[in-house]
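One-letter residues, chain by chain:
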Amino acid sequence: MGKIKVITNVTLDGVMQSPARPEEDPRDGFRHGGWGAPYAAMVFGSGLLVQSLMRWNLMDELTLLIHPLILGSGRRLFPSGGVSAVLQ
């Protein structure tokens, strides 16, 4: 069976919401959409999918592309009270 490898973009403060375009994901009044554009961030999946894979321990590898900025608000990969993951 193949391995599940996840590659995702996050900021230093863990925000992964709407990296590609301003209108991509404006939920909860998020105003920083498109933050990854200056870093040529590629977007392939959703944060909910990644969190679901973590919840069921289905990921074999997680690669975080951490961008050098802090947004202060937005949906995070590892939210408080969210899914716990054992990373090796």
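Conventions adopted
Residue positions are counted from 1 within each chain, in the order its sequence is given. Residues qualify for local features only when their pLDDT is at least 70, as the model is predicted, and side-chain atom pairs are given and counted only at 80 or more; totals for whole chains, interfaces and linings, by contrast, use all residues. Working from all heavy atoms in the structure, the side-chain values ignore hydrogens and water. The helix and strand labels rest on DSSP assignments: H or I over at least four residues marks a helix, E over at least two residues marks a strand, and numbering proceeds from the N terminus. C-alpha atoms define the radius of gyration in this analysis, and the globule rule sets the expected value at 2.2 Å times the number of residues to the power 0.38. Partly exposed residues are those whose accessible area sits between 20% and 50% of the maximum for their type, while under 20% is buried and over 50% is exposed, using a 1.4 Å probe and protein chains only. Pairs of residues are marked as contacts when any of their non-hydrogen atoms sit within 4.5 Å. Patch membership requires over 30% relative accessible area and the absence of a salt bridge. Like charges are linked within 9 Å, and nonpolar side chains (Val, Leu, Ile, Met, Phe, Trp, Tyr) within 5 Å. Note that accessible areas follow from Shrake-Rupley with a 1.4 Å probe, and for residues the cover is restricted to the protein chains shown. By convention in these notes, a salt bridge is any Lys or Arg side-chain nitrogen within 4 Å of a carboxyl oxygen on Asp or Glu. We call two strands paired when DSSP finds no fewer than two bridges between them.

Asker: I would appreciate a short explanation of the overall build of the protein chain in the present structure.
Answerer: Assigned secondary structure in the protein chain consists of 1 helix and 2 strands. Ordering the α and β elements of the protein chain from the N terminus gives β-α-β. Compactness check: the protein chain gives a C-alpha radius of gyration of 13 Å against a globular reference of 12 Å for 88 residues, within 12% of the reference. Overall, the C-alpha framework of the protein chain stretches about 40 × 30 × 20 Å when taken along its three principal axes. Looking at the protein chain as a whole, 33% of its 88 residues are labelled buried. Considering only residue pairs separated by 6 or more positions, the protein chain has 70% of its internal contacts joining residues 24 or more positions apart.

Asker: Honestly, a nonpolar patch on the surface in this entry has me stumped. Any pointers?
Answerer: A cluster of nonpolar side chains, L12, L64, I66, I70 and F78, forms an exposed patch at the surface whose accessible area comes to about 490 Å². As for its placement among the helices and strands, I66 is situated in strand β2 (residues 61-67).

Asker: What am I meant to see in the pairing of strand β1 (residues 5-11) here?
Answerer: Consecutive side chains of a regular strand alternate in pointing toward one face of the sheet and then the other. With 5 of 7 residues buried, β1 lies mostly within the body of the structure. In the sheet, β1 pairs with β2 via 7 bridges, with the strands oriented parallel. Bridge assignment links T11 to a residue of β2, and that residue is H67.

Asker: Looking at this structure, I do not really get the pattern of salt bridges. What am I missing?
Answerer: Note that side chains of opposite charge can pair when their charged atoms are close. In total, this model carries 5 salt bridges according to the counting rule given. Notably, a salt bridge pairs D28 with R75, separated by 2.8 Å at the nearest N-O pair. Of this pair, D28 sits in the loop between β1 and α1 (47-55) while R75 sits in the segment after β2; the two residues are 47 residues apart in sequence, bridging distant segments of the chain. The exposure class of R75 is partly exposed, given its relative accessible area of 33%.

Asker: Just checking my understanding: could you explain the side chain of D25 for this structure?
Answerer: Along the polypeptide, D25 turns up in the loop between β1 and α1. In contact with D25, not counting residues within four places along its chain, are Q17, S18, F30 and R75.

Asker: Honestly, the environment of V50 in this entry has me stumped. Any pointers?
Answerer: Its place among the elements puts V50 in helix α1. With a relative accessible area of 7%, V50 lands in the buried category. In this view, V50 contacts V6, M59 and L77; residues no more than four positions away in its chain are not counted.

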